[in-house]
Amino acid sequence: MGIKRHIPNLITLLNLFSGSLAVIFAVKGNLVLAAIFVAAGIFFDFFDGLAARLLDVKSEVGLQLDSLADVVTSGVVPGIVMYQLLTKALPADGGLGTDWNSSVFDFQLKPFALLGLLIVLASAYRLAKFNVDDRQTDSFIGLPTPANALLILSLPLILTYQPGPFISGLLLNEWFLLILTVLSCFLLNAELPLFALKFSDWGFKENKLRYFFILSCILLIVFLKFIAIPVIILLYVGLSLFTQRANT
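The residue numbers shown here count from 1 along each chain, following its written sequence. Reporting in this predicted model follows two pLDDT cut-offs: at least 70 for local features of residues, and 80 or more for side-chain atom pairs to be given and counted; totals over whole chains, interfaces and linings ignore these cut-offs and use all residues. Heavy atoms throughout the structure, all of them, feed into the side-chain values; hydrogens and water do not.

- Under an unreviewed UniProt entry, the name given to the chain is CDP-alcohol phosphatidyltransferase family protein, and the source organism is Gramella jeungdoensis.
- For the record of the chain, the UniProt heading Sequence similarities (unreviewed entry) holds the text "Belongs to the CDP-alcohol phosphatidyltransferase class-I family." UniProt positions are given in the numbering used here, feature names are shortened, and annotations may be inferred rather than shown by experiment.

### Re the overall build of the chain
Right, on to step 1. When helices and strands are counted, the chain shows nine helices and four strands.
Right, on to step 2. Secondary structure elements follow DSSP: runs of H or I no shorter than four residues count as helices, runs of E no shorter than two count as strands, and numbering proceeds from the N terminus. Along the chain, helices (α) and strands (β) appear in the sequence α-α-α-β-β-α-β-α-α-α-β-α-α when read from the amino end.
Right, on to step 3. Put simply, the radius of gyration uses C-alpha atoms, and a globule should come to 2.2 Å times the residue count raised to 0.38. Its C-alpha atoms give the chain a radius of gyration of 19 Å, within 12% of the compact-globule value 18 Å for 248 residues.
Right, on to step 4. Seen through its principal axes, the chain has C-alpha atoms that stretch 60 × 45 × 30 Å.
Right, on to step 5. Relative accessibility decides the category of a residue: with a 1.4 Å probe and only protein chains considered, values under 20% of the type maximum give buried, values over 50% give exposed, and everything between is partly exposed. Expressed as a percentage of its 248 residues, the buried residues of the chain come to 44%.
Right, on to step 6. Here a residue-residue contact requires only that any non-hydrogen atoms of the pair lie within 4.5 Å. Here the analysis covers contacts within the chain between residues at least 6 apart in sequence; of these, 72% occur between residues at least 24 apart.
Right, on to step 7. To measure how exposed things are, a 1.4 Å probe is used in the Shrake-Rupley method; for residues, cover is taken only from the protein chains shown. Accessible surface for the chain amounts to roughly 13700 Å². Of this, 72% is attributable to carbon and sulfur atoms.
Right, on to step 8. For the purpose of charge, His is not counted, nor are the chain termini; Lys and Arg are scored as positive and Asp and Glu as negative. Charge positions come from single atoms, namely NZ of Lys, CZ of Arg, CG of Asp or CD of Glu. Placing the 16 positive and 16 negative side-chain charges of the chain at their respective mean positions leaves the two points 6 Å apart.

### A closer look at the nonpolar core
Right, on to step 1. Counting residues in hydrophobic clusters, the biggest one holds 56 residues, and the most contacted among them are Val77, Val81, Met82 and Leu143.
Right, on to step 2. With sequence-adjacent residues up to four places away left out, Met82 is seen in contact with Gly116, Ile119, Ile152, Leu155, Leu177, Leu180 and Thr181. Nine residue types can take part in a nonpolar core, namely buried Ala, Val, Leu, Ile, Met, Phe, Trp, Tyr and Cys, and a core is a set of them joined through side-chain atoms within 4.5 Å.

### Describing the pattern of salt bridges
Right, on to step 1. In what follows, salt bridge is the name for a side-chain nitrogen of Lys or Arg lying within 4 Å of a carboxyl oxygen of Asp or Glu. Tallied over the full model, the rule gives two salt bridges.
Right, on to step 2. Residue Asp133 is joined to Arg135 by a salt bridge in which the shortest nitrogen-to-oxygen separation is 2.8 Å.
Right, on to step 3. Owing to a relative accessible area of 17%, Asp133 belongs among the buried residues under this scheme.
Right, on to step 4. Here Arg135 and Glu191 are joined by a salt bridge, their closest N and O atoms 3.0 Å apart. Here Glu191 lies in the loop between helix H7 (174–189) and strand S4 (193–195) and Arg135 lies in the loop between helix H4 (118–132) and strand S3 (139–141), a separation of 56 residues in the sequence.

### Description of the packing of aromatic side chains
Right, on to step 1. The pairing test for Phe, Tyr and Trp rings, Trp by its six-membered ring, is centres within 6.5 Å, and the orientation test on the planes gives stacked under 30 degrees, edge-to-face over 60, and tilted for anything in between. Going through the model one piece at a time under the given rule, you end up with nine aromatic pairs.
Right, on to step 2. With centroids separated by 5.7 Å and ring planes inclined at 70°, the aromatic side chains of Phe112 and Trp175 adopt a geometry described as edge-to-face. Here Phe112, found in the loop between strand S2 (107–109) and H4, pairs with Trp175, found in helix H7; they are 63 residues apart in sequence, far enough to count as distant.
Right, on to step 3. With a centroid separation of 5.5 Å and 85° between ring planes, the pair formed by Phe195 and Phe213 is classed as edge-to-face. Of this pair, Phe195 sits in strand S4 while Phe213 sits in helix H8 (residues 204–224), placing them 18 residues apart in sequence. When sorted by exposure, Phe195 lands in the same class as Phe213, which is buried.
Right, on to step 4. Cluster of aromatic residues (ring-pair linked, three or more members): Phe43, Phe44, Phe46 and Phe47.

Written out as structure tokens, the structure reads:
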């Protein structure tokens, strides 16, 4: 029993470790590797909760540790990635691209790009609310931070593996990135009820929405590849809102 109760927390720590590596790569500008380690962290984030339920070893420490790991993997990393994308999108000098420079502390940054870090703040606030909100046991209120992280981390993957004049022009437009940042922060903390992918049983009638969503995700990924990720997030939000309206 002593070892068993630590297994979910060890998996959560693997999430935190993956997120920490992703931070290093994001700061260094290797956004593809950052995305890979965020995906690994989200994988561990899914299985720590599953392990806790299967082993029946849920604990308050595990709940808090899970959120602390998610702040790094699904909060800090997407914020840094958005900062890097905004920095890349801004003009070399003048206007919004004006730099802050310091010869004393040896740094150079574009203040407008710091707006990307709003994602970090919104993610931390969303996770804090989740820990004290008893309405989110079987569903979510607001976009989960892992889903938001996948949305943001999909951008460098699309730019790297599916580039094109229109796609690159859109994803490296500072105003598009700013609007996406604001939308991301809103969706994280909005009072939007979203369905969860937790199965209490495998019956089709009770889970037809989940089965439809999973099948749609597979088809979208096959045909759209990395572009499928933002489409899937939009589909997730849209299906949740449609279902809520249909049930009222």
